[in-house]
Amino acid sequence: MSQFLEQLLNALVIGSFYALVALGYSMVYGIIRLINFAHGDLYMLGAFFGYSALLLLGRISLGSGVTGVLLAMLIAMGMTGGLGVLVERVAYRPLRGAPRIIPLITALGMSLFLENAVMVFKPWGASFRVYPVTLGRAGFDLFGVHIGYAHLAIFAMALFLMVGLHLFVERSTYGKAMRAVAFDLEAAQLMGINANRMISLGFFLGSIMAAAAGVMAGLYYGQINFLMGFIVGLKAFTASVLGGIGNLPGAMVGGMLLGVLEVFGTSSVGGQWKDVFAFGALILILVFKPTGLLGERTAGRM
Amino acid sequence: MNTVNARSAGPDRGRLARTGGVVLLLAAAVALPFVSSSPYVLDIAIQMLFYMALALGLNVVVGYAGLLDLGYAAYFAVGAYTLGILTKTFQVNFWLALLAAGVFAMLLGSFIGMTVLRLRSDYLTMVTLGFGEIIRITANNLKITGGPTGIFGIMAPKVFGLSLGQPRNIYFVMLIVVVLSTIAMARLGNSRVGRAWACLREDQDAAEAMGINTLGYKLLAYLTGTFWGGLTGAFFAVKMTAVSPGSFSFMQSVTVLLAVVMGGMGSVPGVVLGGALVILLPEMLRAVSDWRYLVFGAALVLLMLFRPAGLWPARHAGKEEV
């Protein structure tokens, strides 16, 4: 029982990272029908921006407290958000309307470029970097399980961001315009919506969610690496397909579910099969329910 | 009358030049091991031939049918392991093992293909990416594949009395494989099947309306590609005399894809050129090898933005005529 609870807490934290990254995949896919490969790398870059921000804030003795972490997270989100918009502007926008394989290849190239740019950048480099701030062990005991406040805070923060994004997309005027563009780009343009701006907005929002997840993952695992986005990106994609791609609540549910599946699946078949488990899940979903749990019926053949 | 002559003279001269070029290139390729005795040069040349063969196979999937496969190294790995296990553990005849390598890769390909090709074709990209990882992790953890160390001591077979353990002999075998593949792929591209692929690549709805069985043709392209990947992998196992999971990373798949994209998707001479370039260029830029994949990534983006048809674009039969 106590082990179960501990696993569940882990699963929810990991699942919330997947969910945050999955949101970006789903949003971008919903708007311009592109699998943005580089999205996992934005998560990685978010972690690195957070790392540098924490180091800098540490110099002015702001780096270790809650304020410092929140500030670093905001900085990382801002930088990554801007980068996400830039990536779209430079690499994807000129190719809108090209055959589908072309932007896919560009996205792959972008992903390689970002990963290796981080690798050759001296202050970041190829080896693992230890995160400047470690999570405190303080917490309380429940049914014999130690529950850290920091883990709860990460989970709460992720929930807060997801709910915030959901409300923004559903309630605000910008959100409405974004949904209109996703529904029918040309018709939305005819209604006077600046589609390019809405697409940029989608990339921005997706990127800041990924960046937040990256910083939190750095805090949670304690170390980061330039390749950390590759597998997480693939898993987040799995999560968004699991929830129904293009559907934001679906991405959140899918992420959480994948976290739970992975943690409990791994504990029963062994750690070395961890990634096989997640990708196997992707193949199974596509066989049995390609529209995902909350997906619309339109996700048919194309 | 005159205009007709002038028009028919043009392509003839072009064909003559092309045939001459091909003959020269082939002569140079055959002469290479006799001219240079350096093992380094020969090794680079063999690597180029491997990437040409892989690029020709992947070109069917990516270039002809327009499906993006990011796990091509998986089929290469399956072929290599199949040959390694069959010849070493079960002492199967080389030719039989070679065939089995291609067929087994194709069987796995049909599993992935039938699962995913019914759906949006961009799902294939992600699934093949995941599948590539699955194969690598599986090879790393199974007993029969030798775990992280892999299989070593694969005996070089004798082909027509020549041992493939000799670098020069494997060079000639690969040269023959590449030449035959080039001819086969060019003919395939110009065949009825090739035209069907082109049609479904350009506009799937139109293709379907013309009565083309899109799922069937996509599967056919995918299976051809995976079979080729498996075969090439089998030769790779013979050449290396060992296979291990490290040889089949995601970057391997990316390199083959870059060969196809750089040379020109759907262009047979283009992808042969691309296969040569992805080996030659990094060799020439050894001093900055950390930057290799950064350059690869940038190259993919820039090519797609400014020259999506590649360095040696495919000629679209039919457009020039009339």
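Now for a quick tour of the structure.

### A closer look at the interface of chain B and chain A
Each side of the interface is counted separately: chain B has 46 residues, and chain A has 45 residues. Summed over both sides, the interface of chain B with chain A buries roughly 4,100 Å², with 78% coming from carbon and sulfur. Counting the surface chain B buries against chain A, the share from its top three residues, Arg-120, Tyr-123 and Met-126 of chain B, is 19%. Linking chain B with chain A are 0 salt bridges, by the criterion used here. At the junction of chain B with chain A, the criterion picks out 0 residue pairs in polar contact (both at pLDDT 80 or more). When contributions to the side of chain B that touches chain A are tallied by element, the ones reaching two or more residues are helix H4 (94-116), helix H5 (121-141), helix H8 (204-209), helix H9 (214-240), helix H10 (250-263) and helix H12 (292-306) of chain B. A per-element tally of the side of chain B that touches chain A places H5 of chain B first, with 13 residues. The residue inventory of the side of chain B that touches chain A, partitioned by class, reads 29 nonpolar, 10 polar and 7 charged.

### Some words on the nonpolar core
Ranked by internal contacts, the top residues of the largest apolar core, which has 213 residues, are Leu-20, Leu-23, Tyr-92 and Phe-237 of chain A together with Ile-112, Phe-248 and Met-265 of chain B. When residues of this core are assigned to their parent elements, the largest contribution, 18 residues, is made by helix H2 (residues 39-64) of chain B. Look past the residues within four positions of Ile-112 of chain B in its chain and what remains in contact with it is Ile-283 of chain A together with Tyr-75, Leu-117, Leu-124, Val-127, Thr-128, Phe-131 and Tyr-222 of chain B.

### Let's talk about the packing of H4 of chain B against H9 of chain B
Residue and element names in this part refer to chain B. Here H4 crosses H9 at 140 degrees, and the two axes come no closer than 7 Å. Regarding H4 and H9, the two cross each other, and that crossing is right-handed. Along its contact with H4, which presents Phe-94, Leu-98, Ala-101, Gly-102, Val-103, Ala-105, Met-106, Gly-109, Ser-110, Ile-112, Gly-113 and Met-114, the element H9 presents Leu-219, Tyr-222, Leu-223, Thr-226, Phe-227, Gly-230, Leu-231, Ala-234, Phe-235 and Val-238. Split by residue class, the contact of H4 with H9 holds 16 nonpolar, 6 polar and no charged.

### A closer look at a nonpolar patch on the surface
All names here are of chain B. Together, Leu-280, Leu-281, Met-284, Leu-285, Val-288, Trp-291 and Val-295 line one region of the surface with nonpolar side chains, adding up to about 630 Å² of accessible area. Among the elements that make up the nonpolar patch, the one with the highest residue count is helix H11 (residues 268-284) (3 residues). With respect to the element layout, Met-284 can be found in helix H11. Overall, the relative accessible area of 61% leaves Met-284 in the exposed class.

### Let's talk about the pattern of salt bridges
Opposite charge on two side chains allows them to pair when their charged atoms are near. Residue and element names in this part refer to chain A. Tallied over the entire structure, the rule returns 8 salt bridges over all chains. With its nearest N and O atoms 3.2 Å apart, the salt bridge here joins Glu-88 to Arg-93. For Glu-88, a relative accessible area of 0% puts it in the buried group. Residue Arg-93 is classed as buried on the basis of its relative accessible area of 18%. In this structure, the salt-bridge partner of Glu-88 is Arg-96, at a minimum N-O distance of 2.7 Å. A network of salt bridges, in which partner residues are shared, links Glu-88, Arg-93 and Arg-96.

Quick notes on the rules
Residues numbered from 1 in each chain as written. Chains lettered and ligands numbered in written order. Predicted model: local features only at pLDDT ≥ 70, side-chain atom pairs only at ≥ 80, totals over all residues. Heavy atoms only, no water. Contact = heavy atoms within 4.5 Å. Buried area = accessible area lost by both parts, 1.4 Å probe. Salt bridge = Lys/Arg side-chain N within 4 Å of Asp/Glu carboxyl O. Polar contact = N/O pair within 3.5 Å; in protein donor to acceptor, adjacent residues only side chain to side chain. Helix = DSSP H or I, 4+ residues; strand = E, 2+ residues; numbered from the N terminus. Nonpolar A, V, L, I, M, F, W, Y, C, P; charged D, E, K, R; others polar. Core = buried A, V, L, I, M, F, W, Y, C linked by side-chain atoms within 4.5 Å. Buried < 20%, exposed > 50% of the residue type's maximum accessible area, 1.4 Å probe, protein only. Axes fitted to C-alpha atoms, helices over the stretch in contact; angles between N-to-C directions. Left-handed = near helix turned anticlockwise from the far one by under 90°. Patch = residues over 30% accessible without salt bridge, like charges linked within 9 Å, V, L, I, M, F, W, Y side chains within 5 Å. Areas by Shrake-Rupley, 256 points an atom, 1.4 Å probe, with all protein chains shown as cover.

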